[in-house]
Amino acid sequence: MKDINQVITAFLAAGGLGYINYWILEKLDVTSSTDGEKTAHITFSSLLCSIPDFFIYLVFKSLLNCIRQKYKLNHLLDSDVINFLALILTIVVIIFITSVLGEKIIRSIYWILRKLTTGKGNTGVAPGEPWTAIDKTHMTLVYLYSLDHKPIAYGYGESYSGGSDSNYSVNLQPAEEKCNQPCYQYVVNCAYFKDKSPINGMPCKESHIHVNLSQGFIMIIFRVRITKDN
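Residues numbered from 1 in each chain as written. Predicted model: local features only at pLDDT ≥ 70, side-chain atom pairs only at ≥ 80, totals over all residues. Heavy atoms only, no water.

(A) Representation of unusual backbone geometry. For K72, which is not glycine, the phi torsion reads 55° and is therefore positive. Within the secondary structure, K72 is located in the loop between α3 (38-70) and α4 (79-118). Even without being glycine, H149 reaches a positive phi, approximately 75°. Secondary-structure assignment places H149 in the loop between β1 (140-146) and β2 (151-160). (Helix = DSSP H or I, 4+ residues; strand = E, 2+ residues; numbered from the N terminus.)

(B) A look at the pattern of salt bridges. Scanning the model with the defined rule gives 1 salt bridge in all. Of the charged contacts in the structure, one is a salt bridge between E206 and R223, with a shortest N-O distance of 3.5 Å. One end of the pair, E206, is in strand β4 (residues 204-212); the other, R223, is in strand β5 (residues 217-224), with 17 residues separating them in the sequence. (Salt bridge = Lys/Arg side-chain N within 4 Å of Asp/Glu carboxyl O.)

(C) Looking closely at the sheet that holds β1. The antiparallel open sheet is built from 5 strands, whose spatial order is β3-β2-β1-β5-β4. Only two strands of the sheet have a single neighbouring strand rather than two, namely β3 (170-173) and β4. Adjacent strand axes in the sheet meet at a mean angle of 35°, parallel and antiparallel pairs treated alike. Here β1 pairs with β5 via 7 bridges, running antiparallel. (Pairing = 2+ DSSP bridges. Axes fitted to C-alpha atoms, helices over the stretch in contact; angles between N-to-C directions.)

(D) Expanded view of the environment of F96. Relative to the assigned elements, F96 resides in helix α4. On a C-alpha basis, the gap between F96 and N21 in space is 10.0 Å, while along the polypeptide they are 75 residues apart.

(E) Main features of the environment of L64. Locating L64 in the fold gives a position in helix α3. A residue is classified by how much of its surface remains accessible, and L64, at 11% relative accessible area, is buried. Apart from residues lying up to four places away in sequence, L64 is in contact with L77, I82, L85 and A86. (Buried < 20%, exposed > 50% of the residue type's maximum accessible area, 1.4 Å probe, protein only. Contact = heavy atoms within 4.5 Å.)

(F) Just a nonpolar patch on the surface, in detail. A cluster of nonpolar residues, F96, I97, V100, L101, I105, I109 and L113, forms a patch on the protein surface that exposes about 600 Å² of accessible area. The class of F96 is exposed, set by a relative accessible area of 56%. (Patch = residues over 30% accessible without salt bridge, like charges linked within 9 Å, V, L, I, M, F, W, Y side chains within 5 Å. Areas by Shrake-Rupley, 256 points an atom, 1.4 Å probe, with all protein chains shown as cover.)

(G) Quick peek at helix α5 (residues 184-192). Residues Y184, V187, V188, C190 and A191 constitute the buried set of α5. One side of α5 holds all its buried residues, which, seen down the axis, span an arc of 155°. On the buried face of α5, the contacting elements are β1, β4 and β5. (Arc of directions from axis to C-beta.)

(H) Spotlight on the nonpolar core. Among the nonpolar cores identified, the biggest contains 19 residues, and L141, Y143, I220 and F222 are the most heavily contacted of them. Secondary structure elements with two or more residues in this core: β1, β2, α5 and β5. Here the element with the most residues in this core is α5; it accounts for 5 residues. When sequence neighbours within four positions are dropped, the list of residues in contact with I220 reads L141, V142, Y143, Y145, Y184, V187, V188, A191, H208 and I209. I56, F60, L77 and I82 belong to the second-largest nonpolar core, a separate cluster that totals 11 residues. (Core = buried A, V, L, I, M, F, W, Y, C linked by side-chain atoms within 4.5 Å.)

(I) Structural detail: helix α2 (residues 18-27). For α2, the full list of buried residues reads G18, N21, Y22, I24 and L25. When α2 is viewed along its axis, its buried side chains cluster within an angular range of 165° and face the same direction. Looking one or two places after α2, you find D29, whose phi comes out positive at around 65°.

(J) Representation of the pairing of β5 in the model. Burial analysis of β5 places 7 of its 8 residues in the buried class, the great majority of the element. The sheet contact formed by β4 and β5 spans 8 bridges and is antiparallel. Its bridge partner lying in β5, H210 is registered against M219. From the end of β4 to the start of β5, which pair antiparallel, there are 4 residues, and G216 there has a positive phi angle of about 75°.

This is the structure in structure tokens:
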């Protein structure tokens, strides 16, 4: 009985459940790290996430103990069963909370950090990779150029790889307009305006410019307001 409780407590304190939080957040593209710092990043993130996880575990354990005492279920809910049930319920809850609210929580934290460090909530450090500006729903226009501003490709962003910093790739669906890719300076000028995209009649919500020095390209992303079918 005591041994099981110690094992579960040690597991939670070591960030065992925190890794679940980290894994889900990584799949949601709101956290990332380079190969060199990945181990340290996972360890720190797991330990940090384990703090609320451990609190949730204690809450469930306390509630189950109250249920046992109130309904006199000592024969069904001994300490081992309560510890095990509290752990299972904790896992279910943290998966649900992280999946549904994790992205909003992380982005809110980064917004607060940007507000404190720069005085503005929309500039400075942001969670995840710059690639996450591609929303994978055909609602982004992506323009790729070499570092010397020569056109590479453009189209609607469909997906991007989840590889390391030196091995990223992006899948594009050709845009409807049958024309050559516009020059770099024109696309950059469009990005300066909050609601303008390089395609006439297609306004956008926001734009991003990502420079990849490792692979030698510049990616300009426009989040459009309407789908290409409209």
